[in-house]
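In case you want the letters, here they are:
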Amino acid sequence: MIKIAPSILAADPLNLERDARRMMAAGCDWLHVDVMDAHFVPNLAFSPDAVRRLAEIAAVPLDVHLMMDEPEKYIGVFLDAGADRLTIHAEANGDPGAMLREIHRRGARTGLAIKPGTGTERVAPWMGETDLILTMTVEPGFGGQQLEEPVLDKIAELRRMGYRGEIEADGGINEQNLPRLIEKGLSVAVMGTALFHAADPAEMMVRLHAMGAGVPEK
Ligand code: DX5
Ligand code: ZN
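The structure presented is a predicted model; accordingly, all values stated were derived computationally and were not measured. (Residues numbered from 1 in each chain as written. Chains lettered and ligands numbered in written order. Predicted model: local features only at pLDDT ≥ 70, side-chain atom pairs only at ≥ 80, totals over all residues. Heavy atoms only, no water.)

A. Examining the site of ligand 1 more closely. Residues in close proximity to ligand 1 total 18 residues, the closest being D34, G141, D170, G192 and T193. In this structure, an oxygen atom belonging to ligand 1 sits 2.5 Å away from a side-chain N or O atom of D34. Computed on the free molecule, ligand 1 has an accessible area of 370 Å², of which 98% lies beneath the protein chains in the complex. Looking at side-chain class alone, the shell around ligand 1 contains eight nonpolar, eight polar and two charged residues. (Near = heavy atom within 4 Å. Polar contact = N/O pair within 3.5 Å; in protein donor to acceptor, adjacent residues only side chain to side chain. Areas by Shrake-Rupley, 256 points an atom, 1.4 Å probe, with all protein chains shown as cover. Nonpolar A, V, L, I, M, F, W, Y, C, P; charged D, E, K, R; others polar.)

B. Layout of the sheet that holds strand β1 (residues 3-6). In spatial order, the strands read β1-β9-β8-β7-β6-β5-β4-β2-β3; together these nine strands make up an open sheet with mixed pairing. Only two strands of the sheet have a single neighbouring strand rather than two, namely β1 and β3 (44-45). As judged from the five bridges shared by strand β5 (residues 85-89) and strand β6 (residues 109-114), these two strands associate in the parallel manner. Paired with L86 across the bridge in β6 is T110. The strands touched by helix α5 (residues 151-160) within the sheet are β6, β7 (132-136) and β8 (166-170), with β7 carrying the most contacts at an inclination of about 160 degrees. (Pairing = 2+ DSSP bridges. Helix = DSSP H or I, 4+ residues; strand = E, 2+ residues; numbered from the N terminus. Contact = heavy atoms within 4.5 Å. Axes fitted to C-alpha atoms, helices over the stretch in contact; angles between N-to-C directions.)

C. Examining the pairing of β6 more closely. Within β6, five of the six residues are buried, which leaves it mostly tucked inside the rest of the structure. The parallel pair β5 and β6, bridged by helix α4 (residues 96-105), forms a crossover whose chirality is right-handed. Here β6 pairs with β7 via four bridges, running parallel. By the bridge assignment for β7, L112 is matched with I133. (Buried < 20%, exposed > 50% of the residue type's maximum accessible area, 1.4 Å probe, protein only. Right-handed = clockwise from strand over helix to strand, strands pointing away.)

D. Inspection of the coordination of the zinc ion (ligand 2) at higher detail. At the metal site, the zinc ion (ligand 2) is ligated by H32 (NE2), D34 (OD), H65 (ND1) and D170 (OD), and these contacts range over 1.9 to 2.1 Å. Taken together, the four donor atoms coordinating the zinc ion (ligand 2) span angles of 95 to 144 degrees at the metal, a pattern that classifies the geometry as irregular. Here the donor residues of the zinc ion (ligand 2) are spaced in sequence according to H-x1-D-x30-H-x104-D. Taken as a pair, H32 in strand β2 (residues 31-37) and H65 in strand β4 (residues 62-67) lie far apart in primary sequence, 33 residues in all. Of the two residues examined, H32 and H65, each falls in the buried class. (Donors = N, O, S within 2.8 Å, 3.2 Å for Na, K, Ca; no water. Tetrahedral: all angles 85-135°; square planar, octahedral: opposite > 155°, others 65-115°.)

E. Just the pattern of salt bridges, in detail. The final tally for this structure, using the stated rule, is 14 salt bridges. With its nearest N and O atoms 2.8 Å apart, the salt bridge here joins E166 to K3. Of this pair, E166 sits in strand β8 while K3 sits in strand β1, and the two are 163 residues apart along the sequence. K3 carries the same exposure label as E166, and that label is buried. Each member of the salt-bridge network shares a partner with another, and the members are D12, R18, D19 and R22. (Salt bridge = Lys/Arg side-chain N within 4 Å of Asp/Glu carboxyl O.)

F. Quick look at the pairing of β2. Burial of β2 is extensive: seven of the seven residues sit out of reach of the surface. Because side chains alternate across β2, one face comprises the buried residues L31, V33, V35 and D37, and the other comprises H32, D34 and M36, equally buried. As defined by bridge partners, β2 adjoins β4 across six bridges and the pair is classed as parallel. Paired with V33 across the bridge in β4 is V64. In this structure, β2 lies alongside β3, joined through two bridges in antiparallel fashion. Bridge pairing in β3 places M36 opposite A45. From the end of β2 to the start of β3, which pair antiparallel, there are six residues, and A38 there has a positive phi angle of about 65 degrees.

G. The arrangement of the side chain of D131 in detail. The topology assignment puts D131 in the loop between β6 and β7. Separated by 2.7 Å, the side chains of D131 and H104 make a polar contact. Filtering out sequence-adjacent residues up to four positions away, D131 remains in contact with R85, H104, R109, T110, Y163, G165 and E166.

Here is the structure:
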């Protein structure tokens with residue numbers, strides 16, 4: 001079944017616990033935490049302490065997405081804070097393979113992300129080492145953007161290349177475009193604006209899960 005990971009970037013910063021609990025009560029599979037360093041992306045978001053407090057209430061895995069130039073320095077920090085899954089960008093500084101192995105060594109699941117303009121060749125060397133590949137469907141940094149259609153072809157390409165792990169997309173996903181992403185091979189949808197602005201997130205989550213009833217568990 002398609003997994004839904006609400007992005008708390010779209011939550012009310014003054015009511016983070018309330019909004020996280022609402023999404024978990026609505027039936028989300030993971031909570032997606034966008035960490036931004038104001039260098040790799042032109043925005044700043046979520047500290048290790050925010051992750052630590054979220055981990056204290058989280059009844060679902062914390063899927064932490066490091067949008068930073070120097071992720072190597074923060075792998076231990078965010079894993080100690082309680083991240084269950086840690087995604088680094090292939091475009092960041094450092095050796096992706098070494099970082100993925102370090103995340104695994106510490107008992108967490110890995111993710112390797114690429115921006116819309118980055119080709120699948122940048123993740124190909126580590127397809128056998130990462131639990132998840134994140135194909136950003138917007139330029140990272142801000143919620144509420146339009147999904148970039150060409151990324152759908154990258155999802156299908158990764159499946160054609162034989163990748164059988166989780167493929168996650170993040171940015172601009174809604175009820176209208178999710179079926180096409182699933183058809184290409186998506187297994188995890190990060191949703192911020194569409195979910196947090198929904199009149200009834202629980203009802204919407206039922207409809208979203210029904211779209212991907214056929215997606216095999218990874
Ligand atoms: C971009 C962010 C967004 C956010 C979700 O760096 O990662 O993709 O999580 O965006 P929306 O609000 O478009 O679902
Ligand atoms: Zn993200």
